[in-house]
Structures are given as structure tokens and as C-alpha cells.
Amino acid sequence: MRIRWLCVIPLALLFVGLAALYDWLSFAPARDEIHYWPTTLQFAAFWWPPVDFLRTYPELNTPLPFMIFGWLERLTGGGIAVGRWFNLFVTFLQACIILLATRGEHRRAILATVGVLAFPYFTGISLFLYTDAIANLFVLIGIWMWCRERYIVCGIAFTLAVASRQYTVAIPAALAVYGLAETWRPSARWIAPMIAAMTLSGWFILFGGPAPLNEIARQRMITSGLFGIVWHNPMYFLAAVGAWYVVQGLIIGLIDWRQIRASWRLAALIAVAIGAAMIIAPPLGNHPPFPIRDMGMLDRWLRLMTGDSDVLRLSLLGGLAGLAVLRFRHWSVASALVFAQTILMFKAHIMWDKYALPLIICLWFLTADEQPVHEPPTLSRPARRRRAAAHVWSTPVRKSSSMGKDEATSNARTSSSRV
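Cut-offs applied
- Residues numbered from 1 in each chain as written.
- Predicted model: local features only at pLDDT ≥ 70, side-chain atom pairs only at ≥ 80, totals over all residues.
- Heavy atoms only, no water.
- Helix = DSSP H or I, 4+ residues; strand = E, 2+ residues; numbered from the N terminus.
- Buried < 20%, exposed > 50% of the residue type's maximum accessible area, 1.4 Å probe, protein only.
- Contact = heavy atoms within 4.5 Å.
- Areas by Shrake-Rupley, 256 points an atom, 1.4 Å probe, with all protein chains shown as cover.
- Salt bridge = Lys/Arg side-chain N within 4 Å of Asp/Glu carboxyl O.
- pLDDT = per-residue confidence, 0-100.
- Expected span 1.5 Å × (residues − 1).
- Arc of directions from axis to C-beta.
- Phe/Tyr/Trp six-rings, centres within 6.5 Å; stacked < 30°, edge-to-face > 60°.
- Lys NZ or Arg CZ within 6 Å of the ring centre and 35° of its normal.
- Axes fitted to C-alpha atoms, helices over the stretch in contact; angles between N-to-C directions.
- Parallel < 35°, antiparallel > 145°, perpendicular 65-115°, else oblique.
- Left-handed = near helix turned anticlockwise from the far one by under 90°.
- Nonpolar A, V, L, I, M, F, W, Y, C, P; charged D, E, K, R; others polar.

Trainee: Which residues make up the overall build of the protein chain, and what are the values?
Mentor: Counting secondary structure elements, the protein chain contains 20 helices and 0 strands. Every one of the 419 residues in the protein chain was classed for burial, and the buried ones make up 51%. In the protein chain, the share of contacts with a sequence separation of at least 24, taken over all contacts with a separation of at least 6, comes to 77%. Carbon together with sulfur atoms contributes 67% to the accessible area of the protein chain, which is approximately 21200 Å² in total.

Trainee: Explain the pattern of salt bridges to me, using residue names and the numbers behind them.
Mentor: Taken as a whole, this structure holds 13 salt bridges when the rule is applied. In this structure, the salt-bridge partner of Asp294 is Arg300, at a minimum N-O distance of 3.0 Å. Arg300 sits in the partly exposed class, given a relative accessible area of 36%. Note that Arg313 and Asp310 form a salt bridge whose closest N and O atoms lie 3.1 Å from each other. Here Arg313 and its partner Asp310 are both found in helix 16 (residues 310-327), 3 residues apart, which amounts to about one turn of the helix.

Trainee: Any chance you could break down unusual backbone geometry for me, citing the residues and the numbers?
Mentor: Unusually for a residue other than glycine, Asp23 sits at a positive phi of about 55 degrees. By the secondary structure assignment, Asp23 is in the loop between helix 1 (2-21) and helix 2 (33-43). Overall, Asp23 belongs to the partly exposed group, its relative accessible area being 46%. The phi dihedral of Trp24 falls on the positive side, at around 55 degrees, and the residue is not glycine. Within the secondary structure, Trp24 sits in the loop between helix 1 and helix 2.

Trainee: Pulling in residues and values, what's your account of the confidence of the model for the protein chain?
Mentor: For the protein chain, the mean per-residue pLDDT works out to 87, and 88% of the residues sit at or above 70. In this model, residues 388-419 is a region of pLDDT below 50 whose contacts with residues beyond four sequence positions or in other chains number 15 contacts.

Trainee: Explain the environment of Val247 to me, and be specific about the residues and the numbers.
Mentor: Mapped onto the fold, Val247 is located in helix 13 (residues 233-252). The exposure class of Val247 is partly exposed, given its relative accessible area of 26%. Linking Val247 and Leu320, residues 73 residues apart in sequence, is a C-alpha distance of 8.2 Å. Excluding residues that lie within four positions of it along the chain, Val247 makes contacts with Gly242, Leu320 and Leu323.

Trainee: Break down helix 14 (residues 264-280) for me, citing the residues and quoting the values.
Mentor: A rise of 1.5 Å per residue sets the reference length of helix 14, with its 17 residues, at 24 Å; its end C-alpha atoms lie 24 Å apart and thus fit the reference within 8%. Among the residues making up helix 14, those that are buried are Ile270, Ile274 and Met278. On an axial view of helix 14, the arc spanned by its buried residues comes to 70 degrees, and they lie on one face. Seen from the open side of helix 14, the exposed residues pointing more than 90 degrees away from its buried face are Trp264, Arg265, Leu269, Val272, Ile279 and Ile280.

Trainee: Help me get a handle on the packing of aromatic side chains, residues and values and all.
Mentor: Taken as a whole, this structure holds 27 aromatic pairs when the rule is applied. Plain terms: the ring middles of Phe43 and Tyr57 are 5.3 Å apart, the flat faces sit at 75 degrees to each other, and that makes the pair edge-to-face. With Phe43 in helix 2 and Tyr57 in the loop between helix 3 (51-56) and helix 4 (64-76), the pair connects residues that are 14 residues apart, well separated along the chain. A single burial state applies to Phe43 and to Tyr57, both of which are buried. Between the aromatic rings of Tyr121 and Trp352, the centroid separation amounts to 6.2 Å while the plane-to-plane angle is 85 degrees, which identifies the pairing as edge-to-face. In this pair, Tyr121 is assigned in helix 7 (residues 120-124) and Trp352 in the loop between helix 17 (333-344) and helix 18 (357-369), connecting sequence segments 231 residues apart. With respect to class, Tyr121 is no different from Trp352; both count as buried. Members of the aromatic cluster, each reached through a chain of ring pairs, are Tyr22, Phe27, Tyr36, Phe43, Phe46, Phe53, Tyr57, Phe66, Phe128, Tyr130, Trp203 and Phe207. The aromatic ring of Phe27 is capped on one face by Arg84, whose charged end is 3.6 Å from the ring centroid. It is Arg189 that lies over the ring of Trp146; its NZ or CZ is 4.0 Å from the centre.

Trainee: I'd love a proper account of the packing of helix 9 (residues 151-162) against helix 11 (residues 188-207), names of residues and values included.
Mentor: Orientation of helix 9 relative to helix 11, taken along the N-to-C sense of each, is 25 degrees, at an axis distance of 9 Å. When the axis of helix 9 is compared with that of helix 11, the two are roughly parallel. In the crossing of helix 9 with helix 11, the sense of the turn from one axis to the other is right-handed. For the pair helix 9 and helix 11, contact is made by Tyr151, Gly155, Phe158, Thr159 and Val162 and by Ala188, Arg189, Ala192, Ala196, Thr199, Leu200 and Trp203, respectively.

Trainee: An account of the packing of helix 5 (residues 80-100) against helix 6 (residues 106-117) is requested, with residue identities and associated values reported.
Mentor: For the pair helix 5 and helix 6, the least separation of the axes is 8 Å and the interaxial angle reads 155 degrees. Of the possible angle classes, the one that applies to helix 5 and helix 6 is roughly antiparallel. The chirality of how helix 5 crosses helix 6 is right-handed. For the pair formed by helix 5 and helix 6, the contact residues are Ala95, Ile98 and Leu99 on the first element and Ala109, Ile110, Ala112, Thr113 and Val116 on the second. Its residues assigned to classes, the contact of helix 5 with helix 6 comprises 7 nonpolar, 1 polar and no charged.

What follows is the structure, given as C-alpha cells:
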């Protein structure tokens, strides 16, 4: 464990260096902060906002992060930089959990921490007053406690995650389904995450929909209705998982090619299915009325690589999505998480790499938490021959009339143990 604690030092220096690079987080509001910061100031007027205000505040995501940022501003009066420093600390804490609290080998924990840091949005959102960092911390605590069978804390953490970002509901929902698949009998293993996931219905009742209705109308959210679906979102989401987890896992050595290899029939079937999906609903960009056409950093990089060739870009996206499908084709906790989050993306009004961040964090945590299975080494061909020869020349067990069945079995075991 000492080596892991030593790794905390360069990890802390990394985050301090990022803060220094960004003017110690004192720069003017940028990007989504342009509307997040005025909303935070509105929340700062209350210790606990009234119900009427919660129904009409001008944002699409659930209010807990704005309440926390508002409390920080109310207590310190330090401006937007205080909330940014809080986000930076929260993100650093997530990296420390993966590094220090997982049960796998030290190498796995360190490399998994490198993997999550390599996802640009993990550190990127820590430098701004974004709501995702707080939601991701609660998601990580939730799956950590679920793996440790501390289900009350797990349920509370997931409830707070849903109160921070609605789309995090996919994580507890997936764990509830996985727990139900293990046993239909009442168990906190699936009841705790199921109750946490069901808290989203409370926010629906409060808002009258998936978010405050005035903001849904203002932003013309195309998926707010029951049948509002964006068909190309899941394919791009799977491609993002393939790029930011599977490919990176292969590069740093935490994913083995044997986990991806499949029979040619299965590989061909997956290729045909993904190819058909790419033709029917090609993920070429966000649809109007959303003003930003590209879907995140992966999309921007692919546009630079492929120029104006949509066919080449779709081929690369399809290949990355195929890697994700092959990696998670077997039923497991990780595959349940990927499946649930992918299905939820049908209801995302825009597509963005950042929406994969809670899932990516969970996947790296599960990777670091995986304990090695020690198997006997595979014998070489000469060793197998020597072992076979020794078995032939070992003393055979002969069953006489005076030898009982139990004694013959015991001698057989003794004879084979000498081989």
C-alpha cells in the first residue's frame, strides 16, 4: 500500500499544476459557467430553496450541485473560484478512491488511475463550475459501497447522484437489474440501488417532467416527451466507451486482447448489426436546435483525421463501437452498466463524450478493484511428456479382495501425488 500512497504526491502535483495553468481558477466565467454562475447566485440567496423556485430555476439538471455551490458562495463570498476549487478537490478525491481504496494489485490500481486521468473530461470539468464532478463523486462512492456490501451508504450516495444529474440514474438501475438477476429473493443488493433509481420519479413529479418545464421550453428539448428519442446517440456513446476505455485499456495493458477476441461468426454478426445501425441512424452530429454540431472531443478528433469523409468517420466510429460490444458481450456488472447507460442515451437531447464520464469512472474502479485469479502455469510440451512418463512408471494401485473401496481410493490419491 505504501507505493500507492507515494503515487498520491504526483497526483496532487498534477491537479495543482492544472490549477496554476488556468490562472489559479480565477478566470472569468466561460462555457457553461456563463449560465451556471448566475444560477448559483440565485441559489445562494437561500439555505434551502423554496419549492416554487425549484420548479422554475433556469437549468435542465437536478439542483443539488447548485445548492452546494450556493452554500459555498453564501459562506465565503469568494466568487466562482471557490466553486472551481471545490470541483478540483472533488475530482482529486475520485482519483484517490480508485488509487487507494481498490482491492486489486498495486499495478492495476495505479494504471487504472492513469486510465481515468487520460479521459480528457475527467480533469477538464474539474477546472470549471460544472455540475458533473459532484454527481460523479456520488456515483463512485455508490458503486464502491455496493462492491463492499454497505448498501445503506450505497443507496444514499446514488440518491444524491440522481439529485445532481438525472442521467446518473442508469448506474443504480443497472446494479438493481444485476442484483435481481443474481437472486429474486428480497436483498439489499438490489433493493438499495433500485430505491435510489426510483427517486428520479420524485424529481419528475416536482418538475412536472424531466427538468423544469420553463427551461425545457426555452431550450426546445426534443426528448422531453415520452416518445422523444435521438436514434444515433447510443452508437456514438458506444464509440466513446470504445475509445476512452477499451482502447486506453489495451494501451496501458489492463485489457487483454483475449477479452475482445471472438469467433468470426460472432464478429461478423456484430459488424453487420453496427453497420446497419450506422446506416439507419448515422451519428454525424447533434441535431438542431442544439447550436453545436460536433458531439465532443472524440468527434472533433475524428473530423480532423478524416476531413470531409463521413464514410471514413462512420467506419472509425463503428470500429470503436464494435470494440466496446466485444469487450462487454459477456454478462457482468460492467456489461450491465454499459448496457443501461447506452439505452438511456436514446433520451439524451444532445450527445457529448462527457455523458460517458460516470460510466468510465465506474469501469476503471471495477478494473482496479479486480483481484487476480492465480492459475497454474501452462506446461510446455516437454514438461507434459515428462509428466506423462512419470505417470506411466508410477506404482499402479491394485485392488485386492482384502482392500476396501475407501483404502483403494486413498492409495490412488497418494500414488498420483508422487507424480
